[in-house]
Amino acid sequence: MPLTIRSQAYMGLLEHIAVAANEANSTNDSLQKALEYICQATGWALGHVFVSHQDNILRSANIWHISAQSQHPSLERFREDSEARPFAKGEGIPGRVYASGQPEWIINAQQDDTYLRHDSIIKTNLKSCFAFPVLTGNKVVAILEFYSLQAQRPDHTLLDVMKHIGVQLGRVFEREQSQQQLANRERRHRQILNSTADAFIAMNSQGEITAWNLAAQSIFGWRSEQALGRTVSELIVPQAFRQAHHDGMQRFLKSGKASILGQTLELPAMHNAGHEFPIEITLWSLQEKGEWSFFAFARDITERKRSQDELKHKALHDALTGLPNRILLLDRLSQHLEQRENRRSGLATLFVDLDHFKRINDSFGHEAGDRALIEVANRLRHAVRPVDTVARLAGDEFVIACPDIKSPRDAAIIAQRILDALAPPMQLQGDSIFLNASVGIALADTNSSAENLISAADIAMYEAKSSGRGEYQLFDERMQVQVTARLRVENDMRHALEHDKEQFCLHFQPIIESQSGDIVCLEALVRWQHPERGLLSPIEFIPMAEETGLIVPLGEWILELACQEAKRWEQLCQIQRPLDISVNLSGRQLAQADLVTTISNTLSHANIDPSRFRLGFEVTETEVMRDPATAATTLQTLRDLGAHLSIDDFGTGYSSLAYLKQFPVDTIKIDRSFITHIMDSPADQAIVSSVVYLAHALNHTVVAEGVETIAQADKLREMKVDYIQGYLFAKPQPAEQLLILINQQQGRLYQTAPN
Ligand SMILES: Nc1nc2c(ncn2[C@@H]2O[C@@H]3COP(=O)(O)O[C@H]4[C@@H](O)[C@H](n5cnc6c(=O)[nH]c(N)nc65)O[C@@H]4COP(=O)(O)O[C@H]3[C@H]2O)c(=O)[nH]1
């Protein structure tokens, strides 16, 4: 073939291969075509491809072209040999081209010692061979080798063309590699996105979904083939939010600004099944070639919300009854107060306290008590309107907030409904139990706060209780005056305890041995010398001090005073027999964990002569019964310190006899109310003699309080009451006054009539 014609053929070949390289679906395809075109253009019998692998070894790519005229059975042998044989760099003709990156030509491979597939080439009668590299940059990625049945001298033009073809084919490799890399990257991204628990959603500026990972499928219930191409709005935005979503999107597309982008938000979403659920979603946007794309990571927070709601519910509700607790009640009341200002409607607060609820716990046990409280809660809930809030404050105390109350009469009707609802008997452990309640009502005025509404209703409830249980009472002006006065006393007491403790002093009242008439004990009773109101009786400030907790510092001070006074008695009292000085302890003090430490410290500092004075304590029956187990332990520790212990006001509390045995006390003081009418009340006489009998049986002594007449004193002595106390012998008075009396009468304050 003349050179020019051949050159033209080669040019045509180059063009063909360039087109094939561009159009080919894959590298294999373009290599296959290249082999075919080259064989056709050169008339060579066979072409074959080796591809370089990561271990730098060439292996047959199973890409062959064998010309029709060269079909020869032994070609198969050559094919098998070539496919089975890998070539390292420098090995045989493919290895050498691989190592040098340059084409190579062997005129007659059958006679060439460096040729390695000798046997098969001899059998196939192939002679000339040339090979050239396919290059991506400087890297050899494949080798193409060709064989002819004739021995041919090297054709440098052909080799030159092959160089170009090598580069052309290299581009196909490059393209495939970068497509491969891209596909790998995408696969990796998809894997990452599919492996996250968060939904990944991408959408275009029309809101159409362009990416939807596995988590999105499971969170929203739409498979990706269902989701892709549809709008987020129709798929996952709840109906109520679609317009806002659309408007937000349009605003953003116009202004490029949106406050929700870049933020993590909690929003409601729609599930394929039709229900709404909460998601946490982070949104961001990207602009590429003027087109906006939006991306979102979203997670289902139903569980988190549920546990948050549960925690919130727990924090705001009473565990036993499920009713709102004080915090929630205060919040509701505050809301009602705010709305009330706008709507000018009334607000009533009803304080409901069960009468004698403690008896249920004592008689039936705490479990039954709990059941009763749950039943009460249910009855209260049903007795009021849905807009009312029934809350449980503590123990047997419930408060009901009733908005939209038009008059005090409305509130009274609700209160009566509550009393009626609680009136029917309750079944507890097979018994019918009657539970009454006392209800206090407070109506909001312009100055009301949630707190003071509750405390006003509480005060009214106390009024209801004291004027006969099972009633309701409306908070009124008179009570308001009392509340204000009480608040003033509280402030004055705080001030006095902090800056002027000397305002408090002790008066003493003697306790007399009924048989001998001799003084045996001095009861210390606190008084408050108020700078403006004069000498105040404990009745006027002790209950408030107990409610506010001020009794604790006051009690400590009283103890100190009692010790100081004991020293004075030591010096001035001429009676030689040992005397007890008894101090009243309140329930709050009894509940103080450090009470015993405080008492033992005060006593050890006081350094009182035990042969002359012994400190004792009086605790009321009611206080002891509040928490009998703790009281018993505290009393035992006090007794171990050597203190004399008395139960005060005996008979006014409840179920005391059953517990009496458990308390490590020395003396029982029968309340004044049983003594006042002892002369003409057989019932009181019966009670007193039973208490005396019981106390003696338990090895306790008995004191009768409030003895005002000789007849009473004589009667009590006759009834074997051990000790007596009352105005008959001496009123409570300052130590110096009482000392004169005692010293004058040598300690004998009662002249006993002969039995
Ligand atoms: N009508 C009448 N009353 C008599 C007669 N004999 C005594 N009393 C009064 O009865 C009260 C006896 O004290 P209490 O039962 O412990 O009752 C005490 C006690 O519970 C409490 N209290 C007094 N001092 C203290 C104290 O230092 N600490 C504590 N925690 N409470 C105290 O205040 C209550 C009242 O104390 P006081 O006003 O001193 O009232 C005293 C006393 O003056 C009598 O024959 N007829």
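Here the structure is shown first, and the text comes after it.
The notes below deal with the structure included here. Worth saying up front: this structure is predicted, and the values here are computed from it rather than measured. (Residues numbered from 1 in each chain as written. Predicted model: local features only at pLDDT ≥ 70, side-chain atom pairs only at ≥ 80, totals over all residues. Heavy atoms only, no water.)

1. Examining the environment of Ala631
Rule in force here: Secondary structure counts use DSSP, requiring at least four H or I residues in a row for a helix and at least two E residues in a row for a strand, with both numbered from the N terminus. Note on classification: 1.4 Å probe, protein chains only; a residue is buried when its accessible area is under 20% of the maximum for its type, exposed when over 50%, partly exposed between these limits.
Turning to its location among the elements, Ala631 is positioned in helix α23 (residues 628–640). On the basis of relative accessibility, which here comes to 3%, the residue Ala631 falls in the buried class.

2. Considering the sheet that holds strand β1 (residues 46–52)
Rules: Two strands are counted as paired when DSSP detects at least two bridges linking them. Whether two residues are in contact is decided by their heavy atoms, any of which lying within 4.5 Å being enough. For helices, the fitted line uses only the C-alpha atoms of the stretch in contact; every axis is such a line through C-alpha atoms, and the angle between N-to-C directions lies from 0 to 180 degrees.
A sheet is described by the order of its strands in space; here 6 strands give the open sequence β3-β2-β1-β6-β5-β4, paired in antiparallel fashion. Only two strands of the sheet have a single neighbouring strand rather than two, namely β3 (87–88) and β4 (104–106). By the bridge criterion, 3 bridges tie β4 to strand β5 (residues 128–136) in an arrangement that is antiparallel. Residue pairing for β5: Trp105 is matched across the bridge by Phe130. Most of the contacts of helix α2 (residues 27–42) go to strand β2 (residues 57–66), to which it runs at about 55°, and overall it touches β1, β2, β5 and β6 (139–148). Its contacts with the sheet place helix α3 (residues 75–84) against β1, β2 and β6, and it is angled at close to 155° to β2.

3. Quick look at the nonpolar core
To keep things clear, this is the line we draw: Here the nonpolar core consists of buried residues drawn from Ala, Val, Leu, Ile, Met, Phe, Trp, Tyr and Cys, with membership extended through side-chain atoms lying within 4.5 Å.
Residues Met493, Leu554, Trp569, Phe617, Val688 and Ile724 are the most contacted members of the largest nonpolar core, which totals 84 residues. Aside from chain neighbours lying at most four places away, what touches Val688 is Ile670, Phe674, Ile675, Ile678, Leu716, Met719 and Val721. Counting 35 residues, the second largest nonpolar core, distinct from the first, contains Ala368, Leu373, Leu380 and Leu428.

4. So, the site of the ligand
Rules: Here a residue counts as near a molecule or strand whenever at least one of its heavy atoms sits within 4 Å of it. Contacts described as polar in this section are N or O atom pairs within 3.5 Å, which, within protein, must combine one atom able to donate a hydrogen with one able to accept it, while residues neighboring in sequence count only if both atoms come from side chains. In these tables, accessible area is a Shrake-Rupley quantity obtained with a 1.4 Å probe, and a residue counts as shielded only by the protein chains included in the view. Three categories are distinguished: nonpolar for Ala, Val, Leu, Ile, Met, Phe, Trp, Tyr, Cys and Pro, charged for Asp, Glu, Lys and Arg, and polar for the others, with Gly belonging to the last.
What surrounds the ligand is a group of 22 residues, the closest being Gln509, Arg527, Asp648, Glu708 and Tyr727. Contact between the ligand and Glu705: an oxygen atom at 3.5 Å from a side-chain N or O atom of the residue. When the free accessible area of the ligand is taken as 790 Å², the share hidden by the protein chains comes to 86%. Of all the elements in the fold, those that place two or more residues in the shell around the ligand are β20 (519–530) and β24 (644–650). Per-element tally for the shell around the ligand: the top contributor is β20, with 4 residues. Broken down by class, the residue content of the shell around the ligand amounts to 9 nonpolar, 6 polar and 7 charged.

5. Thoughts on the packing of aromatic side chains
Quick note on the threshold: Aromatic contacts are taken between Phe, Tyr and Trp rings whose centres are within 6.5 Å, Trp giving its six-membered ring; a plane angle under 30 degrees counts as stacked, one over 60 as edge-to-face, and the others as tilted. Here, a charge over a ring is recorded when the distance from Lys NZ or Arg CZ to the ring centre is within 6 Å and its angle to the ring normal is within 35 degrees.
Counted by the stated rule, this structure contains 24 aromatic pairs. Summarising the aromatic geometry, the rings of Phe132 and Phe146 are spaced 6.2 Å apart at their centres and angled 5° between planes, so their arrangement reads as stacked. Taken together, the positions of Phe132 in strand β5 and Phe146 in strand β6 put the pair 14 residues apart, joining distant regions of the chain. Like Phe132, the residue Phe146 is buried in the burial classification. Seen in terms of ring centroids, Phe252 and Trp292 are 4.8 Å apart; in terms of plane orientation they differ by 65°. Their pairing is edge-to-face. Of this pair, Phe252 sits in helix α10 (residues 239–255) while Trp292 sits in strand β11 (residues 291–300); the two residues are 40 residues apart in sequence, bridging distant segments of the chain. One aromatic cluster in this structure is built from Trp44, Trp105, Phe130, Phe132 and Phe146. Just above the ring of Phe87 sits the side chain of Arg85; from NZ or CZ to the centre is 4.9 Å. A cation over an aromatic ring shows up here: Lys731 above the ring of Tyr727, its NZ or CZ 4.6 Å from the ring centre.

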